[in-house]
Every structure is written in structure tokens, then in C-alpha cells.
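Each chain, written out:
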Amino acid sequence: MKTKDWYAQLKKPAWAPPAWLFGPVWSVLYLIIAISFGFVFWLAFTGPVSAWLALPFALNLMFNAAFTPLQFGLRSNALAAVDITLVLGTLIWALATIYPIAPWVLYANIAYLIWVCFATVLQYTITAQNR
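Residues numbered from 1 in each chain as written. Predicted model: local features only at pLDDT ≥ 70, side-chain atom pairs only at ≥ 80, totals over all residues. Heavy atoms only, no water.

1. Details of the overall build of the chain
Scanning the chain for helices and strands turns up six helices and zero strands. Starting at the N terminus, the α and β elements of the chain follow one another as α-α-α-α-α-α. Judged by the C-alpha coordinates and their principal axes, the chain covers about 50 × 20 × 20 Å. In the chain, buried positions account for 40% of the 131 residues. Of the roughly 7300 Å² of accessible surface on the chain, 74% is carried by carbon and sulfur atoms. (Helix = DSSP H or I, 4+ residues; strand = E, 2+ residues; numbered from the N terminus. Buried < 20%, exposed > 50% of the residue type's maximum accessible area, 1.4 Å probe, protein only. Areas by Shrake-Rupley, 256 points an atom, 1.4 Å probe, with all protein chains shown as cover.)

In C-alpha cells form, the structure reads like this:
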């Protein structure tokens, strides 16, 4: 069964967005992430701030990248639910860490934070509905 067909057959809540919406939303969010996270990595690796400041940003990227293989490659709603929770947790950690130094990074990522909160609730709902 193709991944698209597998996802389409899952039970989803009535408030779930259509599948075609995810691509455009993530395209915009990835542009914001590239600019703002890139700035944080630049700060960390050029020395104005500790390299440790970049840790939650790096972990967030890692967990974000793992979501698609877990959800669609392994077709594991449960692992995807754990992963999206890690995406949310590391995003909150990252934004709280950078706020005193570069508040604009937090403001730039508000849409990402809202989307990840929504995606977390959606993933847990899909996971529960498809046990």
C-alpha cells in the first residue's frame, strides 16, 4: 500500500486539515526555521554565545527530520506521537533559551510553535483513533 493511501485510510478527527495543506505549511515554516535557526547556529559557532545554546535547536531539527520516516516510513503512529512531543519540547526549550539574547527568533517561530502544538494534538488523536 502506498504511503498516501495508508495515511488516507487512517481515522482522523473532523478538524484534521486536508493532507495537501501540510506541504505548503511546512514549506513556509522550513524557510522561517532555516533563517532563525541558522542565525542561532551562526551565533553559537562564531563565539558571541556558548555552543551549548545551539543544542536544543539541533535536537529540534533532528526530531523534526525523524517524524516523516517514523510516521510514513515505519507507519508508526505511536513513534510519531513520541517524536512530535520531542519536537514540541525541544522547540519550547530552544525558544526559551534564545529569547534573552535574540527575542526576534522567538517571535519569528510563533507560527512554528502553534503548528507543532496543533500537530501534537492531531498526532495523539490519530494515534488514539487508530489503535
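2. Comments concerning the side chain of T127
With respect to the helices and strands, the residue T127 is situated in helix α6 (residues 110-129). Beyond its immediate chain neighbours, meaning those up to four positions away, T127 contacts N77, A78 and A81. (Contact = heavy atoms within 4.5 Å.)

3. Brief notes about unusual backbone geometry
Note: most residues except glycine have negative phi, and most peptide bonds are trans. In the Ramachandran plot, R75 falls in the positive-phi region, its phi being about 55 degrees despite a non-glycine side chain. Position of R75 among the secondary structure elements: in the loop between α3 (55-73) and α4 (77-98).

4. Some thoughts on the nonpolar core
Grouped together as the largest cluster of nonpolar side chains are 29 residues, with contacts concentrated most on F37, F57, I98, V105, Y112 and V116. Of all elements in the fold, only α2 (22-46), α3, α4 and α6 reach the threshold of two or more residues within this core. Tallying contributions element by element places α2 first for this core, with nine residues. Leaving out residues up to four positions away in the same chain, V116 has contacts with W26, I84, V87, L88 and L91. Membership of the second largest hydrophobic core comes to six residues, among which are W6, Y7, A16 and L122. (Core = buried A, V, L, I, M, F, W, Y, C linked by side-chain atoms within 4.5 Å.)

5. Thoughts on the side chain of N109
By the element assignment, N109 lies in the loop between α5 (103-108) and α6. You can call N109 buried: its relative accessible area is 0%.

6. Here's the deal with α6
Look at α6: 29 Å from first C-alpha to last across 20 residues, which is about the 28 Å you get at 1.5 Å a residue. Y112, W115, V116, A119, T120, L122, Q123, T125, I126 and T127 are the residues of α6 that are buried. Residues of α6 that are buried make contact with α1 (3-9), α2, α3 and α4. (Expected span 1.5 Å × (residues − 1).)

7. Things to note about the packing of α2 against α3
Where α2 contacts α3, the axes come no closer than 11 Å and their chain directions differ by 155 degrees. Taken together, α2 and α3 sit at an angle that is classed as roughly antiparallel. The handedness of the crossing between α2 and α3 is left-handed. Each of W26, Y30, I33, F37, V40 and F41 in α2 lies in contact with α3, whose residues at this interface are F57, A58, N60, L61 and N64. A class-by-class count of the residues in the contact of α2 with α3 yields nine nonpolar, two polar and no charged. (Axes fitted to C-alpha atoms, helices over the stretch in contact; angles between N-to-C directions. Parallel < 35°, antiparallel > 145°, perpendicular 65-115°, else oblique. Left-handed = near helix turned anticlockwise from the far one by under 90°. Nonpolar A, V, L, I, M, F, W, Y, C, P; charged D, E, K, R; others polar.)

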